[in-house]
Structure formats: structure tokens, C-alpha cells
Amino acid sequence: MTAENFSALVVNKDDAFTVKVNKLTLEDLPKGEVLIKVSYSGINYKDSLASIPDGKIVTSYPFVPGIDLAGTVVSSEDSRFKIDDEVIATSYEIGVSHFGGFSEYARIPAQWIVPLPKGLSLKEAMVIGTAGFTAALSVQKLEENGIHPEKGKILVTGATGGVGSFAVSILSTLGYQVEASTGKESEHEYLQSLGATTIVNREEVYDGKIKALGKQKWAAAVDSVGGEPLASLLSQIQYGGAVACSGLTAGTQLPTSVFPFILRGVSLLGVDSVYCPMDIRLNIWHRLATDFKPANLNDFIQQEVTLQQLPDVLPILLKGQARGRILVAL
Ligand SMILES: CCC(=O)SCCNC(=O)CCNC(=O)[C@H](O)C(C)(C)COP(=O)(O)OP(=O)(O)OC[C@H]1O[C@@H](n2cnc3c(N)ncnc32)[C@H](O)[C@@H]1OP(=O)(O)O
Ligand SMILES: NC(=O)c1ccc[n+]([C@@H]2O[C@H](COP(=O)([O-])OP(=O)(O)OC[C@H]3O[C@@H](n4cnc5c(N)ncnc54)[C@H](O)[C@@H]3O)[C@@H](O)[C@H]2O)c1
């Protein structure tokens, strides 16, 4: 592989929808000040959506998905970055309308790039990826809204997924009692190893009925599932509690009522990693390298795959079969 002729995963929508590894040249890459030799990427739910015809993520074809990448600067027209700097680039338009991380090279605007923080390797940064970043942002939002370990148990939904696994681990590292909700009987040991204090089945959160108000079970929740489970857990949050909402794996509609908000003062906190401002972004990556950093990041790796394996593994997240993170080594 050379910069003149390198491999990338290309999704295309001609007569048929295709997802395959192609050869690209630097001329194929979009505009940007910094050329990066990509070392690692990872798979997020959004990347799996980008690899199906009706995923509503990719804005034009042919396209290279991958919302996350970490690598080494090859050339830079911006004084903030120089050759051989190790960097992370996630979110913004990357993997949506700007060619992303499922590629041996990426050209990225300097204002979207984060210097690799001390305390993380490129590989560790991509084990964390947008999923871990979103979990960290969710926990920080709860802190900012007065949630601390003495308040009581914190629920994490979709606990075995990328966002969920990191939420369990970060909350446990900070001394919270974590109740992990999962539909996967086989993954209880995994969740305990990440620091879950207790594990509940999905039905404990949502049994098919959404009450206006239910028993007050949790001080707060990190939710990446959305839909009816989110509506149901909102009615079971303690007085003055908060819920950080980041995802939609169970659906986009939120059939709740005003009661948790007006009778219990519950706060629903929106979490967006994509356009998260750079000052907050730098601080979150710093925390992920220090007080939020899990003891053993290898525990989160479900699988390490190559570009060639991506067409087969991308659907795993859409089937709800994720356990932690799938790392992509370039
Ligand atoms: C890592 C982060 C994640 O995983 S987030 C999960 C993945 N995201 C999704 O599944 C969202 C995909 N988008 C959609 O389904 C649609 O665009 C939704 C949000 C339903 C809106 O559809 P529709 O009512 O047809 O309007 P539209 O597409 O014309 O957009 C309306 C305005 O909203 C904006 N918008 C759209 N998508 C995003 C986005 N992802 N982030 C921020 N803004 C978004 C559009 O630009 C548009 O605004 P404007 O009119 O251009 O000012
Ligand atoms: N807001 C943001 O900035 C942001 C950032 C990252 C991810 N997300 C969103 O968060 C969600 C999770 O992303 P991820 O990368 O962790 O995905 P993932 O596939 O790794 O994890 C999803 C988890 O949800 C579980 N799940 C699926 N359907 C469910 C249901 N009906 N009820 C309960 N649990 C269910 C799965 O078993 C899995 O554990 C996605 O919707 C993604 O789009 C948002």
C-alpha cells in the first residue's frame, strides 16, 4: 500500500447497493488541511446504518464510511498539526458527507482534529471511539445536573453495546452503583467484569406498559436505547433525577407524558457527540485518558477486524448483537 494506491471500504448506490473494499488515490479524498495515515477505526451503530441502503446517514455516493479514526499526520497545511503527530478525528461530517475512517488514508479539516491525549494509545482511543466518548459525555451531563454516587443507583440501558459498556465502566470507576439492563443472558459476567453492581432484564425497565409514574427505582440513567424503554424508565426515576439520552436502538418515538417532569422534577438531558463543541470535546478526551479511563480497555473488544471483514461484521450492531466494541485495524 502507498498513499498513491490505498484501500478503503466504499459503499455505492448504482444499479445495486454495494459495500466493498476498493483502491483509492489521494485525489479521491475530500478537502482538508491534514492528511492522516489511519491506524485504527471502530464500528458505531451509525456506521452500520451507513452501510445499508435506507440507513439515512450517507448524503452522497460513492462514499467511505467510518465516523471514527485515529492515526498519524502525514502532511499538514495547518500550524496546529505537524508530520508524525498522533491524532483522533471523530464526528462532524466524518462518515456522513466527508470520507471517513474505513480507509488507510483520510484527509480531514484541522478544526475537527483532536491531538491524542497523553495516557491513551491510538488503539485505545479507537477502542473508546464515539461510543465511549458519548458515554463519557452522558456521565459528565449527569454530574453537571447534580448526580453523584450518594444519590443512589444509576441505570444503564443497552448495557452490552458500545455506549452502554463504557457507561457501566465509567460510572463504576467513579464509585456509582450501576444497574445494567440487558436482554442478553449470556453477557452477565461481561457486565460484572465492567463494574455493574446489579444486572436486570430489559423487562424490569419496560414490561410492555408505560405508566404515568412508577416506583422510584433509579437516581439517574444513561440511555442509548430510546423509544418505549426510555419512556418507561423516565417514569421510574427518583425525585430530582436525570436521564442522559443519546440513542435510538429501540426506536425514535418517545411516548412519555409530562408527569415525570412536572411531578418529580426529572430532567431529560440530550447528548450529542457529533457537534459537541471543541472545548468540551478536548476535556472529555482528557477525562477518558485520566479519571474516566477503564482499567483494561482490551475487555471491551468484541472483535478486531480488517477492512476486508467489514461487510460481514457491520450488520452485527443492527441485529443488536454488539458486545462492547468492534475495532478496525488498518
Ligand atoms: C453518532 C451519532 C448517532 O449515532 S445519531 C443516530 C444516527 N442518526 C440518525 O439516524 C438520524 C438520521 N436522520 C433522519 O432520520 C432525518 O434527517 C430526521 C432527523 C428524522 C429529520 O428528517 P426530515 O424531517 O426529513 O428533515 P431533514 O432530513 O430535511 O432535516 C431537517 C433539518 O435537520 C437537520 N439534520 C438532519 N439530520 C441531522 C443530523 N444528523 N444532525 C444534525 N442536524 C440534522 C437538517 O440539516 C435540516 O436542517 P436545515 O434545514 O438544513 O437547517
Ligand atoms: N447522540 C450521539 O451522539 C450518539 C453517539 C453514539 C451512539 N449514538 C446512538 O446510541 C445508540 C447505541 O450506539 P452503539 O454504538 O452503542 O450501538 P451498539 O449496537 O453497540 O449497542 C446498542 C445496544 O442496544 C441494545 N438494544 C437493541 N435494541 C434494543 C431494544 N429494543 N431494547 C433495549 N436494548 C436494545 C443492543 O442489544 C445493544 O446492547 C445508537 O442508537 C446510536 O445511534 C448516539
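Bear in mind the structure is a predicted one, so any value in this text is a computation, not a measurement.

Caption draft 1: Main features of the packing of helix α2 (residues 122-144) against helix α8 (residues 278-289). Between α2 and α8, whose axes approach to 9 Å, the crossing angle comes to 105 degrees. It follows from the interaxial angle that α2 and α8 lie roughly perpendicular. Residues A125, I128, G129, G132, F133, A136, L137, Q140 and E143 of α2 form the contact with α8, whose participating residues are I280, R281, N283, I284, W285, R287 and L288.

Caption draft 2: Looking closely at the packing of aromatic side chains. Using the criterion set out here, one finds seven aromatic pairs in the structure. Plain terms: the ring middles of F6 and Y105 are 5.2 Å apart, the flat faces sit at 55 degrees to each other, and that makes the pair tilted. Taken as a pair, F6 in strand β1 (residues 6-13) and Y105 in strand β6 (residues 105-108) lie far apart in primary sequence, 99 residues in all. Judged by its relative accessible area of 0%, F6 falls in the buried class. On the accessibility criterion, Y105 (10% relative accessible area) is buried. Relative to Y275, the ring of Y92 lies with its centre 6.3 Å away and its plane at 80 degrees, an arrangement referred to as edge-to-face. Taken together, the positions of Y92 in the loop between β5 (86-90) and β6 and Y275 in the loop between β13 (267-270) and α8 put the pair 183 residues apart, joining distant regions of the chain. Clustering of aromatic rings is evident, with ring pairs tying together Y92, W112 and Y275. Taking the ring centre of Y105 as reference, the NZ or CZ of K37 above it sits at 5.6 Å.

Caption draft 3: Here's a closer look at α8. End to end, α8 covers 16 Å across 12 residues, agreeing with the expected 16 Å (1.5 Å per residue, within 8%). Turning to α8, its buried residues number three or more, namely R281, I284, W285, R287, L288 and A289. As for α8, its buried residues are in contact with β5, β7 (113-115), α2 and α3 (162-173).

Caption draft 4: Inspection of the site of ligand 1 at higher detail. Looking at ligand 1, the residues that line it are K46, K56, I57, I67, T130, L248 and V274. Notes on ligand 1: free accessible area 980 Å², of which the protein chains cover 28%. Grouping the amino acids of the shell around ligand 1 by side-chain chemistry returns four nonpolar, one polar and two charged.

Caption draft 5: Structural view of the packing of α2 against α3. Two elements in contact, α2 and α3, have axes whose closest approach is 8 Å; the angle formed by their N-to-C orientations is 55 degrees. Classified by the angle their axes make, α2 and α3 are oblique. Along this stretch, α2 crosses α3, giving a crossing that reads as right-handed. Contact residues: V127, I128, A131, G132, T134, A135, A136 and V139 in α2; G162, V163, F166, A167, I170 and L171 in α3. Of the residues assigned to the contact of α2 with α3, the class counts are 11 nonpolar, three polar and no charged.

Rules used throughout
Residues numbered from 1 in each chain as written. Chains lettered and ligands numbered in written order. Predicted model: local features only at pLDDT ≥ 70, side-chain atom pairs only at ≥ 80, totals over all residues. Heavy atoms only, no water. Axes fitted to C-alpha atoms, helices over the stretch in contact; angles between N-to-C directions. Helix = DSSP H or I, 4+ residues; strand = E, 2+ residues; numbered from the N terminus. Parallel < 35°, antiparallel > 145°, perpendicular 65-115°, else oblique. Contact = heavy atoms within 4.5 Å. Phe/Tyr/Trp six-rings, centres within 6.5 Å; stacked < 30°, edge-to-face > 60°. Buried < 20%, exposed > 50% of the residue type's maximum accessible area, 1.4 Å probe, protein only. Lys NZ or Arg CZ within 6 Å of the ring centre and 35° of its normal. Expected span 1.5 Å × (residues − 1). Near = heavy atom within 4 Å. Areas by Shrake-Rupley, 256 points an atom, 1.4 Å probe, with all protein chains shown as cover. Nonpolar A, V, L, I, M, F, W, Y, C, P; charged D, E, K, R; others polar. Left-handed = near helix turned anticlockwise from the far one by under 90°.

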